[in-house]
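# Notes for the structure review
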2 protein chains.
Amino acid sequence: MTDKTLNCPLPLHYEHIVMAHGGGGRLMQQLLDDYIQPVFNNPLLAAKNDSAVFDVPAGKMAFTTDSYVVNPLFFPGGDIGKLAVCGTLNDLAMSGAKPLYLSCSLILEEGFSLQKLKQILNSMQQVATAAGVAIVTGDTKVVEHGKADGVYINTAGVGVLETALVINVQAIQAGDVIIVSGDLGRHGLAVMLERDGFEFEHNIQSDCADLSGLVQDLLQAGIDIHCMRDLTRGGLASTLIELASHAGLCFELQQAAIPVQDNVRSLCEILGFDPLYIANEGCFALCVPAHHAEKTLALMQQHRLGKQATIIGTVKQEVERGYVSLISEFGIARVLDLFSGEQLPRIC
Amino acid sequence: MTDKTLNCPLPLHYEHIVMAHGGGGRLMQQLLDDYIQPVFNNPLLAAKNDSAVFDVPAGKMAFTTDSYVVNPLFFPGGDIGKLAVCGTLNDLAMSGAKPLYLSCSLILEEGFSLQKLKQILNSMQQVATAAGVAIVTGDTKVVEHGKADGVYINTAGVGVLETALVINVQAIQAGDVIIVSGDLGRHGLAVMLERDGFEFEHNIQSDCADLSGLVQDLLQAGIDIHCMRDLTRGGLASTLIELASHAGLCFELQQAAIPVQDNVRSLCEILGFDPLYIANEGCFALCVPAHHAEKTLALMQQHRLGKQATIIGTVKQEVERGYVSLISEFGIARVLDLFSGEQLPRIC
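Since the model is a prediction, treat every value here as computed from it, not as a measurement.

### A closer look at the relation of the copies chain B and chain A
Both copies of the chain are tied together by a single rotation about an axis and a shift running along it. Superposing chain B onto chain A takes a rotation of 180° combined with a translation of 0.0 Å along the rotation axis, leaving an RMSD of 0.0 Å. These values place the two chain copies in the arrangement generated by a two-fold rotation axis. Ranked by how close their C-alpha atoms come to the rotation axis, the residues of chain B are headed by B:Ala58, at 1.9 Å. The share of interface residues of chain B whose copies in chain A are also at the interface is 99%, consistent with both copies meeting through the same surface.

This is the structure:
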């Protein structure tokens, strides 16, 4: 007879989170044993040590983290769980890393539905399984009703770099071609339209997706990627402005080449948003040398998540450096500027 | 002229967090550039890539995460920042790992004081510097006023195992000696007494501290550590019950040997708490073979954080397995049980 003290069942059945679920006692054990372990099910997590311990080869490793506070928790095309896993996988992928392991840290609001929690954890595991990564360590905290908003999730991730390339902003060169992997603006818009008060009929789905497989395809094919960024908060415009600024180069974009779905464009016009500044969660931009551009596009378009991959601009060396210039269909150039805040809060 | 667009100053001066600080635009850049980068100041973070990339040797690596929601944010002996760094360093240390790198992910409540944020970030950096680790990657989210409680911090950490020992619950053996590194109950009590409504005069300080140096001393001296756990949520009792249960062994503790400060003991009696179940943040228990016990104690007592290290019990093989038995000063044994929740919520 093992686990004598832990296996003694509690007389009460809970359907919602209570403060004691975060207390380090029996109820927390039950939450872990009944809701978390069975879903993320892997030996490293099951070992219940303070850290997950695993073997790594000598070489370069990538490490990243993001917290997710999206509102609402469920939206067309995903939920906070899918988002939390995709987002961290994508951050690893953007450094050229192959994701290995993730963590999952939950901040739960007292009163949150355990059924919804289960659904969210299942979403996390589904993406993780498809990506071939395991969620190996975690943490659970509970705060009083009114001190959070259902659930906030932090994921951190580690991955290994199997490429010798140095992929970062310093590697961007004048002459590079700028490619985006897909159409813009769907995630932010899908989340916002799901909020209370919006009653638009629409068929806009978040693009939330794990890009690590697509990136691995490019790396394995020997594409000389200089830099990649997923186009999350602040969208394409903010991301490229930041890159151009740090690289000290000028990015010239052709407005007509930038893919935006018609329904996204129409809704943005009605609502007064600019799709170039709206967050995406399954879309990235990359800079490659011009002679790799066609091969890159062809490879990307073979992948489910890169079918709409398009060249949208080029990197130039100008006297005035560190800005992004958008050339309209009529040939008029305008310099893109950072918004002070963002159009849509809490989209990730 | 580089960073043209980013360096253009905003006309407004902020003393509190606004939603736009989390928006991916100019204000978020300012928050990162003015408050976060200068404090955590290191080249990996300054590179502003989606992941931190670094070299690791071949071998075993540890990976862990915790979110911190302590209330209040500042308490005698520490604050949420110190806690967030110590906690994750300790989780790495408990696996026998030498901590290398940390992440810092902030969930900020709209209206939170930037001055307090600065103080918290400084606390984080102070502990990290002393431990010789860098905070290399991070994330910042802002939620509306009333959707958090000032700030929640997640830290994840990676470390390398330089020891060949396998330190975990499965390594615990009958005959092992159980040692605690210091006196119990101070952290939980110090935090609780700081909350509104308590007006006790007391001199109780949280024990919040980074234990990784002490653990490295033991490993480098060749102590055959079987298992270690820091005594956080649920305190010594819950931690040992969980260990005994998973190990399928019986832990026999001598109540008189367990170190508790007199003022902690008195306050616990007044308030109706049991110090064995109160969280600590700079105290751990370890199981070592009996023939290493004296050497372990001597080494621990040489370290600032182990001066009160004491043998508190032994591991036994009994017919009924998986429980912790506490022997009182009068020789009466009682089996310790997990609380369903905990005595004090939000102490970490």
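### Here's the deal with the domain arrangement of chain A
Residue and element names in this part refer to chain A. When cut into domains, chain A gives domain 1 (26-161) and domain 2 (169-335). Summarising the inter-unit geometry, the C-alpha centres of domain 1 and domain 2 are found 27 Å apart. The partner domain 2 presents 22 residues to the 22 residues of domain 1 that form the contact. Both sides of the domain 1 and domain 2 interface together cover about 1,700 Å² of buried area, and 63% of this is carbon and sulfur. It is Pro76, Asn90 and Met94 that lose the most area in domain 1 upon contact with domain 2, and together they represent 35% of the buried surface on that side. At the boundary of domain 1 and domain 2, one finds zero salt bridges. Applying the counting rule to domain 1 against domain 2 returns six residue pairs in polar contact (both at pLDDT 80 or more). Elements with a minimum of two residues in the side of domain 1 that touches domain 2: strand E3 (74-75), helix H4 (80-94), strand E5 (97-109) and helix H5 (114-131).

### Some points on unusual backbone geometry
With the exception of glycine, the majority of residues adopt a negative phi angle, and the majority of peptide bonds are in the trans configuration. Residues and elements named next belong to chain A. Cis geometry is adopted by the peptide bond preceding Pro72, which originates at Asn71 and carries an omega value of 5°. Looking at the secondary structure, you find Pro72 in the loop between strand E2 (59-68) and E3. The residue Arg346 is not glycine, and still its phi comes out positive at about 50°. Along the chain, Arg346 falls in the segment after strand E14 (333-336).

What counts, and at which threshold
In every chain, residue numbers begin from 1 and rise along the written sequence. Chain labels run from A onward and ligand labels from 1 onward, assigned in the order the entries are written. In view of the model being predicted, local features appear only for residues whose pLDDT reaches at least 70, and side-chain atom pairs are presented and counted only at 80 or more, with totals across whole chains, interfaces and linings using the full set of residues. Only hydrogens and water are set aside; all other atoms, that is, all heavy atoms of the structure, feed into the side-chain values. Superposing copies: least-squares fit, C-alpha atoms only, residues required to have pLDDT of at least 70 in both. Whether two residues touch is decided by their heavy atoms; if any such pair falls within 4.5 Å, the residues are in contact. Segmentation of the chain into domains, including their bounds, is taken from an automatic or database domain assignment. What counts as buried area is the accessible surface, traced by a 1.4 Å probe, that two parts surrender upon association, with contributions from both included. The salt bridge criterion pairs a side-chain nitrogen of Lys or Arg with a carboxyl oxygen of Asp or Glu, the two atoms within 4 Å. Any N or O atom pair separated by 3.5 Å or less is treated as a polar contact, with the protein-specific requirement of one donor-capable and one acceptor-capable atom, and with residues adjacent in sequence counted only for side-chain atom pairs. Per the convention used, a helix needs a DSSP run of H or I reaching at least four residues, while a strand needs a run of E reaching at least two, with both numbered from the N terminus.

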